[in-house]
Amino acid sequence: MADLEIIGAPQSTCVRAVRMACEEKGVAYALRPARPHSPEVDAIHPFGKVPVMRHGEFTLFESKAIATYIDRRFPGPKIIPDDVVLCAKVEQWVSAFNTAVFPILMTYMRNYFFPSTADGQPDRAAIEGVLPEVQSRLSMLDKAVAETKHLVGHGFTYADMNMLPALAYLRELPESGKTIAEAQNLRAYFKLHSERESFVNTIPPPFSELRR
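The shown structure was predicted, so the numbers you read here are calculated from the model rather than taken from an experiment. (Residues numbered from 1 in each chain as written. Predicted model: local features only at pLDDT ≥ 70, side-chain atom pairs only at ≥ 80, totals over all residues. Heavy atoms only, no water.)

Enquirer: Provide a residue-level description of the packing of helix α4 (residues 84-113) against helix α6 (residues 158-170), including the pertinent values.
Expert: Running from N to C, α4 and α6 cross one another at 15°; their axes reach a closest spacing of 10 Å. Here α4 is positioned roughly parallel relative to α6, judged by the angle of their axes. Crossing of α4 over α6 shows left-handed handedness. Within the contact between the two elements, α4 uses Val 90, Trp 93, Val 94, Phe 97, Asn 98, Phe 102, Leu 105, Tyr 108, Met 109 and Phe 113 and α6 uses Tyr 158, Ala 159, Asn 162, Met 163, Ala 166, Tyr 169 and Leu 170. Counted by class, the contact of α4 with α6 contains 15 nonpolar, two polar and no charged residues. (Axes fitted to C-alpha atoms, helices over the stretch in contact; angles between N-to-C directions. Helix = DSSP H or I, 4+ residues; strand = E, 2+ residues; numbered from the N terminus. Parallel < 35°, antiparallel > 145°, perpendicular 65-115°, else oblique. Left-handed = near helix turned anticlockwise from the far one by under 90°. Contact = heavy atoms within 4.5 Å. Nonpolar A, V, L, I, M, F, W, Y, C, P; charged D, E, K, R; others polar.)

The following block contains the structure:
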């Protein structure tokens, strides 16, 4: 049995990004499904977020920290380049996506996947309110991948792994799906990388299973 454990809901984009890191490195791991704020998650993460990691007696939280540990601890292709410039660019894009892009996208996605309306239907007013920002962020990402079909240099890095799971969900929703389909660079980017084994091997179960 693998002694590296990734703990968290497989539907989480951050859990999937870390799993993709393991897959790209060829690192054996066990996925232990657990919801945010569950006892096994709270035992490691002070804010109850997923994923968390356990490797023997060592525990770690926050997806970027976990990915960095996996990259440096195990052999295999580098997912965070040693080159100082490329490494800095990975840090830049992971930070920018997690702080300035994903929160907007998550607000939009939450209204579809976890609506808080009385009838359980998407909140159209909330969706329309955030939609211009969603489209603006997707337009920015379309420009970011235009030159090489990667966020950083010419190689597949953790910056890409960090973004792809969210794009997968956004393609399923009407407005963002249409925006991505019309964004030539982003559409080609997703098509290219969604064929990677690390992406295919980590396809999560539907959100409906998480709601049970």
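Next, the rest of the story.
Enquirer: I'd like a description of the pattern of salt bridges, backed by residues and values.
Expert: Taken as a whole, this structure holds ten salt bridges when the rule is applied. Close ionic contact of Lys 78 with Asp 71 constitutes a salt bridge, the shortest N to O distance being 3.6 Å. Given a relative accessible area of 35%, Lys 78 falls into the partly exposed group. The partner of Arg 124 in a salt bridge is Glu 128, with the nearest N and O atoms 2.9 Å apart. Linking Arg 124 with Glu 128, this pair stays in helix α5 (residues 124-144), spanning four residues, or about one helical turn. The partly exposed category is assigned to Glu 128, whose relative accessible area is 43%. Taken together, the shared-partner salt bridges connect Lys 25, Asp 71, Lys 78 and Asp 82 into one network. (Salt bridge = Lys/Arg side-chain N within 4 Å of Asp/Glu carboxyl O. Buried < 20%, exposed > 50% of the residue type's maximum accessible area, 1.4 Å probe, protein only.)

Enquirer: Kindly report on the sheet that holds strand β3 (residues 52-55), identifying the contributing residues and their values.
Expert: Within the open sheet, the four strands sit side by side as β2-β1-β3-β4. Their pairing is mixed. The sheet is open, and its two borders are formed by β2 (30-32) and β4 (58-61), each paired with just one other strand. Neighbouring strand axes in the sheet, compared pairwise and without regard to direction, differ in orientation by 20° on average. Here three bridges tie strand β1 (residues 4-7) to β2, and the two strands are oriented parallel to one another. Residue pairing for β2: Ile 7 is matched across the bridge by Arg 32. (Pairing = 2+ DSSP bridges.)

Enquirer: Can you break down unusual backbone geometry residue by residue, with the values?
Expert: With the exception of glycine, most residues fall at negative phi, and the peptide bonds are largely trans. Residues Val 50 and Pro 51 are joined by a peptide bond in cis, for which omega reads 5°. Relative to the helices and strands, Pro 51 is located in the loop between α2 (39-42) and β3. Although it is not a glycine, His 37 sits at a positive phi angle of roughly 70°. Checked against the element boundaries, His 37 lands in the loop between β2 and α2. Here His 37 falls in the exposed class, since its relative accessible area comes to 54%. With a phi angle near 80°, Glu 62 is a residue other than glycine that sits in the positive phi range. Structurally, Glu 62 can be placed in the loop between β4 and α3 (63-73).

Enquirer: So what about the side chain of Lys 64? Which residues, and what values?
Expert: Within the secondary structure layout, Lys 64 lies in helix α3. Classification of Lys 64 by relative accessible area gives buried; the value is 17%. A distance of 2.8 Å separates a polar atom in the side chain of Lys 64 from a polar atom in the side chain of Thr 68. (Polar contact = N/O pair within 3.5 Å; in protein donor to acceptor, adjacent residues only side chain to side chain.)

Enquirer: Account for the environment of Ala 100, naming residues and giving values.
Expert: Take Ala 100: it is sitting in helix α4. Here Ala 100 falls in the partly exposed class, since its relative accessible area comes to 38%. Between the alpha carbons of Ala 100 and Arg 137 there is a distance of 8.7 Å; along the sequence they are 37 residues apart. Apart from the residues within four sequence positions on either side, Ala 100 is in contact with Ser 95 and Arg 137.

Enquirer: With reference to specific residues and values, describe α5.
Expert: Its 21 residues place the ends of α5 29 Å apart at the C-alpha level, agreeing with the 30 Å of an ideal helix rising 1.5 Å per residue. Along its length, α5 shows its largest kink, about 40°, at Leu 131, and proline Pro 132 lies within four residues downstream of that point. For α5, the full list of buried residues reads Ile 127, Val 130, Leu 131, Val 134, Leu 138, Leu 141 and Asp 142. Buried positions along α5 lie against α4, α6, α7 (174-182) and α8 (184-193). (Expected span 1.5 Å × (residues − 1). Bend = angle between axes of the 7 residues up to and from the residue.)

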